[in-house]
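The residues making up each chain are set out below.
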Amino acid sequence: PDTFDGNEPEKLHPFLNQLTLYFAANPSAYEDDDNQVFCAMTYLRGQAAAWFAPVLEMGLQPWEEEPDWVSDYAAFTKELVTNFGPVDQS
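For clarity, every value in this text was computed on a predicted model and none was experimentally measured.

This brings us to the environment of Leu44. Within the secondary structure, Leu44 is located in the loop between helix H2 (33–41) and helix H3 (46–58). Taking the C-alpha atoms as reference points, Leu44 and Phe15, 29 residues apart in sequence, are found 9.9 Å from one another. Contacts of Leu44, omitting those with residues within four sequence positions, involve Phe4, Phe15, Ala49, Phe52, Phe76 and Leu80.

Shown next, in the form of structure tokens:
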């Protein structure tokens, strides 16, 4: 997949489509949500990467409460769309 930096909201859905295809082509490596989330995060740059950085910097210690999107790919994509998707969703 191409990287996504959040500067061009219209590129978010093509980015997510590329990820979907990548996961489908590599099902054994990305069969669970947390692997999909962390893979997707490796393709984020700029302000999109910065949005998620605080959670990574916490180290995701087991005793810390982590956001739903860390282990739920649907929640992760919703977070991306909410913060970096096109304003007009129609």
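A few words on the packing of helix H1 (residues 12–25) against H2. Running from N to C, H1 and H2 point in directions that differ by 130 degrees, and their axes come no closer than 11 Å. The orientation of H1 with respect to H2, classified from their angle, is oblique. Both H1 and H2 take part in a crossing whose hand is right-handed. In contact with Phe15, Leu19, Tyr22 and Phe23 of H1, H2 contributes Gln36, Cys39 and Ala40. Along the lines of polarity and charge, the residues of the contact of H1 with H2 split into six nonpolar, one polar and no charged.

Before going further, it helps to spend a moment on the confidence of the model for the protein chain. Mean pLDDT for the protein chain: 89, with 91% of residues reaching 70 or above. Taken element by element, the protein chain is modelled with least confidence in H3, mean pLDDT 86, and with most confidence in H1, mean pLDDT 97.

As a further point, take the packing of aromatic side chains. Counted according to the given criterion, the structure contains 10 aromatic pairs. Here Phe23 and Tyr73 contribute two aromatic rings whose centre-to-centre distance is 5.4 Å and whose plane-to-plane angle is 85 degrees, an arrangement assigned as edge-to-face. One end of the pair, Phe23, is in helix H1; the other, Tyr73, is in helix H4 (residues 73–84), with 50 residues separating them in the sequence. The class of Phe23 is buried, set by a relative accessible area of 7%. According to the relative accessible area criterion, Tyr73 is buried, its value standing at 11%. In this structure an aromatic cluster arises from ring pairing among Tyr22, Phe23, Tyr30, Phe52, Trp69, Tyr73 and Phe76.

Calculation criteria
Residues numbered from 1 in each chain as written. Predicted model: local features only at pLDDT ≥ 70, side-chain atom pairs only at ≥ 80, totals over all residues. Heavy atoms only, no water. Helix = DSSP H or I, 4+ residues; strand = E, 2+ residues; numbered from the N terminus. Contact = heavy atoms within 4.5 Å. Axes fitted to C-alpha atoms, helices over the stretch in contact; angles between N-to-C directions. Parallel < 35°, antiparallel > 145°, perpendicular 65-115°, else oblique. Left-handed = near helix turned anticlockwise from the far one by under 90°. Nonpolar A, V, L, I, M, F, W, Y, C, P; charged D, E, K, R; others polar. pLDDT = per-residue confidence, 0-100. Phe/Tyr/Trp six-rings, centres within 6.5 Å; stacked < 30°, edge-to-face > 60°. Buried < 20%, exposed > 50% of the residue type's maximum accessible area, 1.4 Å probe, protein only.

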